[in-house]
Amino acid sequence: MTRARLAVVAGAALAAAAGCGSKSNAPPSVSFRLPSAMAVFHGKTVSNADSIRVYLAVANEGRDDLTLVDATNDVVLPSSVLLRPLAVPFPNRPALLASASLGDGGADVLVGVSAGSSVLQLIQTWVPANTVDADAVTGQAVDLGADVLRIVAMPPDLGEPAKTARLAVVLAGSKLAIVRYRRGGDDVRIEKDTTFGTNGVLVHGLGFEPADLAVVPGDGAHVYAATLDPVGSPAVQGVAEVDVAAPAEPWPVRGLDARAPTRLVAGAVLQERRNDLPVPDDLGAIEPGPGAFTGQPVVKRVYAVLDEASCGVQGRIDCGVVTLDPDKTPGPGDDNIPEDWAGWMPYRAPIAVRGRPLALAVSGPPAVAPTDWTFGTAFMRLVLGTTQTVATTAVGIVASENGTIDFLDLGRFKNASTTFAPVQAFTSAAPPKEGNRIWIEDPATGAGATSTEAAASLIHITPGYALDESWTVSFQPALPGLQNRAAEMGMFVAPDQPWLAIQFGDGTPGDAGRTLSQVARLYHPALGVRVGDIVTFKVDSLKLHGVQCEGLAPPGTPTDLVDSVPHEFETEIAQLLAPDPVLPPSSMSARPGGAVVLKLRTKGPDELEPGAAPGDADPPEWRACWDALLAALSSQGSLKGLQVTVNAGRLLLVGARVGYAGRAELKTEYVLRYKADRADPRDNGLPDYAYQDEDALAALCPLADWDGSLPMPAALDCGGAGCDRDVCERLILARKARRRYHLSEDCHADTTCQAKYAGLTFPIVNDAVLRFTVLHEALTTAPIQGLIRDLTLPISTGSGVVQLAVSAGGPTTQANGAITFDRSTSDPTSGYRFYVSYPGNQIADVSPSLNPVASNTIR
């Protein structure tokens, strides 16, 4: 067997490989072949024919067999040929495995399913030969009548007979089956329980397609399914709770609203940390774990990975692992997510993960505590680094497509993170452009910061909200996604009010049967288009339509390049237009993404040089192009195939991750935060709903959840009195300023912690993602002393989160399964474990309960 270490990529050192426990000969190599599923079971094998032990079974879809590994030490079992591992033949590419205990100390149920099969084949774990029973007629296999897609073992139910075990099985065609097995009359063998349902099976339709299946420990009445489909009544996006104990057919389905569809799901019963009070238990070598949880109720939780196509900074919830409370009864418009304990958001922030999750598993405390552990079996040890260990009540893992395995501290509903790095901000002074720059202002002096260090200290961010992000503050840059786009034009309501839509199509603009592409949703607040923004035309694209004018070189063009660069002219947005109604319904509208009404632009005073001539604010070259454009529209009716860029009218803040992040003003503090403060001078007298949370704002702006489908539903029109686009922008920015991380630190007298969070009082609750003030500096040697387009100030922020994770490595990193295993009953020092399978012929065995973090690869 090849045993390779996993690389610990954050918060912990490399782990030493666990001992193989070899005897006189080295064990054979495992040599997995496309491992597709795993299950831990108790039973006998030819290697240990006289006693029941615990094993890891791995389905090799590429070799038609099961590999058996000693789950206590990861040693592969030898066959009678010592150079080969023990393999159990399994026909037709085994794709699924599942095991369940009958609760009597005997051998476990172990079933497997061949790829594309409808038959649960029973592996005989109670005899050393481990024969596979594939006969559904005279044997103990079960034919469910439809392809088996997923299997999960059900917890024991109080109403179930002793020595029985149930499996929940997802079938093709949106069906769910419950299959029950029992101990045989000889009290040794296992057989299907023919007293249950029809020949041991109950099958009901679901009405939705499960993407993943899970149960909650101790709850034998419910199965939880992640799904991309709406579920429940009223229908919600999230996780489906199926009541399999109900006598009715079909089983009742209740939707747990997660604010977005889900792909993966797991369950746990635990206590959650008391975050609303300062408790001195989160720093130091070993924290007094019970202090963090004392007095808190034991709660039932369902964890789900949100579907990335529907979550994110522009959606109703950020992406990650969402926590759901099945016992919460949501009111109208509410969800099943626990409340934000800090009272800021209407729901708890999901746990952020890196990469796209492919597997999810959750472990509770091990049955046997390590000998050096003082907090008993109600808590589990979570090692965050060589000097930091915490007690928690449940730990999760997320295996992502990038090869990382992230650990989650579910007792604190956050990443398992060392948080050694403080939240911080950096900036650097970009080279002045024509002797000008925008820079961080020191409010105490009203002048620019004296150094990059001083500037960084004047950029304020908040733990729990701070992002690992690269920001830019720029003067009149192109709006994200709106640079060098194809556009069409026509007349709106008057000869001097042309409309412009960013789109490309055949035929004549306005024709009902046209086919359009490259449509920009100018009307959607996510793009951030505002009245007063600039639409810049490339003159060459106008000349193709007979619009003859010369325009000017782009602002800031060096003198020696003025004649060689493409010229342009500028207009200003005077009005935003909603998408047109569609007539007939089957055709594309004239402007399905909305449009803008233009007027000729006049430069602002701070864009002009001292002593500028009267024509500099309204250059004659621009007016000539404007007049020629209006004349062409008047004679031709419409124009298409124009090349335009939409620029911000003033300062624009953009994040590399979050995109459009709002507008700043010179010499005025800009604050990007979830909720506005009533004392904020930037509120400019907006009504009280400006201070409501995102759900209240969303109720006033249905447009924000427009998914881009064309045409836009008429119900989302934000042109009337019922929808204020200023409110829409507040909603868009609030979603980008949400909490990302729940803090559990409390400094108390810890000087290291106090230095890390200088000036902050714990528990930190709510504040800005980013807060700063900028000014314009015209350096004394500058040849130009007006604001110049694309003056840029970069800002970098760090969240302070150092995620505890390991890297699987290997030739393939696409995890295809994860399970948990309690090894403490055979070795208390090993504690709880996670197995993660990879199609690159390897299994990762990891645990954050050891110092350093245990990480081992079985190949």
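The structure we're discussing is the one just above.
In this report, the structure presented in the accompanying data block is examined. (Residues numbered from 1 in each chain as written. Predicted model: local features only at pLDDT ≥ 70, side-chain atom pairs only at ≥ 80, totals over all residues. Heavy atoms only, no water.)

## Points about the overall build of the protein chain
Thought 1: The number of helices and strands found in the protein chain is seven helices and 53 strands.
Thought 2: Across the 859 residues of the protein chain, 55% fall into the buried class.
Thought 3: Look at the contacts in the protein chain between residues 6 or more apart in sequence, and 65% of them connect residues 24 or more apart.
Thought 4: Here the protein chain displays about 32,700 Å² of accessible surface, and carbon together with sulfur accounts for 53% of that area. (Helix = DSSP H or I, 4+ residues; strand = E, 2+ residues; numbered from the N terminus. Buried < 20%, exposed > 50% of the residue type's maximum accessible area, 1.4 Å probe, protein only. Contact = heavy atoms within 4.5 Å. Areas by Shrake-Rupley, 256 points an atom, 1.4 Å probe, with all protein chains shown as cover.)

## As for the pattern of salt bridges
Thought 1: Tallying each qualifying case throughout the model produces 49 salt bridges.
Thought 2: Salt-bridge contacts for Lys-328 lead to Asp-334; the nearest nitrogen and oxygen are separated by 3.6 Å.
Thought 3: Among the residues examined, Lys-328 registers a relative accessible area of 12% and is labelled buried.
Thought 4: Take Asp-334: its relative accessible area is 25%, and that puts it in the partly exposed class. (Salt bridge = Lys/Arg side-chain N within 4 Å of Asp/Glu carboxyl O.)

## What to know about the nonpolar core
Thought 1: One finds Trp-471, Leu-500, Phe-537, Leu-770 and Phe-772 to be the most contacted residues of the largest nonpolar core, which totals 93 residues.
Thought 2: Of all the elements, helix H4 (residues 620–636) adds the most residues to this core, at eight residues.
Thought 3: Ignoring anything within four residues of it in the chain, the contact list for Phe-772 reads Ile-440, Leu-458, Ile-459, Val-473, Leu-653, Thr-668, Glu-669, Tyr-670 and Ile-795.
Thought 4: In this structure, Leu-102, Ala-165, Val-179 and Val-201 belong to the second largest nonpolar core, which totals 26 residues. (Core = buried A, V, L, I, M, F, W, Y, C linked by side-chain atoms within 4.5 Å.)

## With respect to helix H6 (residues 725–736)
Since one α-helical turn is 3.6 residues long, residues separated by three or four positions face the same way.
Thought 1: In this model, H6 (12 residues) spans 17 Å end to end at C-alpha, consistent with the 16 Å of a helix rising 1.5 Å per residue.
Thought 2: Of all 12 residues making up H6, 11 are buried, and the element is well covered by its neighbours.
Thought 3: Within the sequence span of H6, burial applies to Arg-725, Val-727, Cys-728, Glu-729, Arg-730, Leu-731, Ile-732, Leu-733, Ala-734, Arg-735 and Lys-736. (Expected span 1.5 Å × (residues − 1).)

## Topic: the sheet that holds strand S23 (residues 298–306)
Thought 1: Read from one edge of the open sheet, three strands run S22-S23-S24, paired in antiparallel fashion. Here the strands that pair on one side only, and so sit at the sheet edges, are strand S22 (262–271) and strand S24 (321–324). Adjacent strand axes in the sheet meet at a mean angle of 25°, parallel and antiparallel pairs treated alike.
Thought 2: Two strands pair when backbone bridges link them, and S23 and S24 are joined in this way by four bridges, in the antiparallel orientation. Of the residues in S24, the one forming a bridge with Ala-304 is Val-322. (Pairing = 2+ DSSP bridges. Axes fitted to C-alpha atoms, helices over the stretch in contact; angles between N-to-C directions.)

## Considerations on the pairing of strand S53 (residues 854–858)
Thought 1: In terms of residue burial, S53 counts as a mostly covered element, since five of its five residues are buried.
Thought 2: By the bridge criterion, five bridges tie strand S52 (residues 842–847) to S53 in an arrangement that is antiparallel. Residue pairing in the sheet places Ala-844 in a bridge with Thr-857 of S53.
Thought 3: Count of turn residues in the S52/S53 antiparallel hairpin: six residues.

## Looking at H4
Thought 1: Here H4 contains 17 residues, and its C-alpha end-to-end distance of 24 Å stays within 8% of the 24 Å for a straight helix at 1.5 Å per residue.
Thought 2: Those residues of H4 not exposed but buried are Trp-622, Cys-625, Trp-626, Ala-628, Leu-629, Leu-630, Ala-632 and Leu-633.
Thought 3: Positive phi shows up at Gly-637, right after H4, with a value of about 85°.

## Looking at the state of the cysteines
Thought 1: Scanning the model with the defined rule gives three disulfides in all.
Thought 2: One disulfide bridge connects Cys-311 with Cys-319, the sulfur atoms lying 2.0 Å from each other. On the S-S bond that ties Cys-311 to Cys-319, the torsion sits near 100°, and the link is right-handed. (Disulfide = S-S within 2.5 Å.)

## Topic: the sheet that holds strand S21 (residues 253–257)
Thought 1: With antiparallel pairing, four strands are arranged side by side in an open sheet as S18-S19-S20-S21. Single-partner strands in this sheet number two, and they are strand S18 (210–214) and S21. Across the sheet, the axes of successive neighbouring strands diverge by a mean angle of 30°, strand direction being ignored.
Thought 2: As judged from the five bridges shared by strand S19 (residues 222–227) and strand S20 (residues 238–243), these two strands associate in the antiparallel manner. What sits directly across from Ala-225, in S20, is Ala-240.

## Describing unusual backbone geometry
Thought 1: Cis geometry is adopted by the peptide bond preceding Pro-234, which originates at Ser-233 and carries an omega value of 0°.
Thought 2: Tracing the backbone through its elements, the reader meets Pro-234 in the loop between S19 and S20.
Thought 3: Residue Asp-187 is not a glycine yet carries a positive backbone phi of 65°.
Thought 4: Tracing the chain through its elements places Asp-187 in the loop between strand S15 (175–183) and strand S16 (190–192).
Thought 5: The exposure class assigned to Asp-187 is partly exposed, which follows from its relative accessible area of 44%.

## So, the side chain of Asp-340
Thought 1: Tracing the backbone shows Asp-340 in the loop between S24 and strand S25 (357–363).
Thought 2: Among the polar contacts listed, one links the side chain of Asp-340 to the backbone nitrogen of Met-345, at a separation of 3.0 Å.
Thought 3: For Asp-340, the side chain forms a polar contact with the side chain of Arg-739, separated by 3.0 Å.
Thought 4: Asp-340 has contacts with Met-345, Tyr-347, Arg-348, Arg-739 and His-742, leaving out every residue within four places of it along the chain. (Polar contact = N/O pair within 3.5 Å; in protein donor to acceptor, adjacent residues only side chain to side chain.)

## Here's the deal with the packing of aromatic side chains
Thought 1: Following the criterion strictly, the structure yields eight aromatic pairs and no others.
Thought 2: An angle of 40° between the planes, with centres 5.7 Å apart, marks the rings of Phe-41 and Tyr-55 as tilted. Of this pair, Phe-41 sits in strand S3 (residues 35–45) while Tyr-55 sits in strand S4 (residues 48–60), and the two are 14 residues apart along the sequence. For the residue pair Phe-41 and Tyr-55, the accessibility class agrees, reading buried in each case.
Thought 3: When the centroid spacing of 5.8 Å and the interplanar angle of 50° are considered together, the rings of Tyr-670 and Phe-772 count as tilted. In this pair, Tyr-670 sits in strand S45 (residues 670–672) while Phe-772 sits in strand S46 (residues 770–772), placing the two residues 102 residues apart along the sequence.
Thought 4: When the ring centre of Phe-413 is taken as reference, the NZ or CZ atom of Arg-348 above it lies at 3.6 Å.
Thought 5: We note Arg-437 situated over the ring of Trp-439; from NZ or CZ to the ring centre the distance is 4.6 Å. (Phe/Tyr/Trp six-rings, centres within 6.5 Å; stacked < 30°, edge-to-face > 60°. Lys NZ or Arg CZ within 6 Å of the ring centre and 35° of its normal.)

## A few points about the pairing of strand S5 (residues 65–70)
Thought 1: In terms of residue burial, S5 counts as a mostly covered element, since six of its six residues are buried.
Thought 2: Side chains Asp-65, Thr-67 and Val-69 of S5 all project onto a buried face; the interleaved residues Leu-66, Leu-68 and Asp-70 project onto the opposite face, where all are buried too.
Thought 3: Of the strand pairs in this sheet, S4 and S5 are connected by six bridges, and their pairing is antiparallel. Directly across from Ala-59, in S5, lies its bridge partner Leu-66.
Thought 4: Between S4 and the antiparallel strand that follows it, S5, lie four residues; Asp-64 among them carries a positive phi value of about 55°.
Thought 5: As judged from the three bridges shared by S5 and strand S7 (residues 87–89), these two strands associate in the antiparallel manner. What sits directly across from Leu-66, in S7, is Val-88.
Thought 6: With two bridges joining them, S5 and strand S6 (residues 75–76) adopt antiparallel strand pairing. Directly across from Asp-70, in S6, lies its bridge partner Val-75.
Thought 7: Taking the residues between adjacent antiparallel strands as the criterion, S5 and S6 are bridged by four residues, where Asp-74 takes a positive phi near 65°.

## Section: the environment of Glu-694
Thought 1: Its location among the elements puts Glu-694 in helix H5 (residues 694–700).
Thought 2: Between the C-alpha atoms of Glu-694 and Met-345, which are 349 residues apart in sequence, the distance is 7.8 Å.
Thought 3: The residues touching Glu-694, leaving out its near neighbours within four places in the chain, are Arg-259, Arg-316, Met-345, Pro-346, Tyr-347, Tyr-674, Leu-731, Arg-735 and Arg-738.
Thought 4: For Glu-694, the side chain forms a polar contact with the side chain of Tyr-347, separated by 2.9 Å.

## A look at the environment of Val-321
Thought 1: Checked against the element boundaries, Val-321 lands in strand S24.
Thought 2: By relative accessible area, Val-321 is classed as buried at 1%.
Thought 3: Sequence-wise, Val-321 and Leu-360 are 39 residues apart; in three dimensions their C-alpha atoms are separated by 9.3 Å.
Thought 4: The contact partners of Val-321, leaving out residues within four places of it in the chain, are Tyr-303, Ala-304, Val-305, Pro-350, Ile-351, Val-353, Val-398 and Leu-408.

By themselves these figures say nothing about function.
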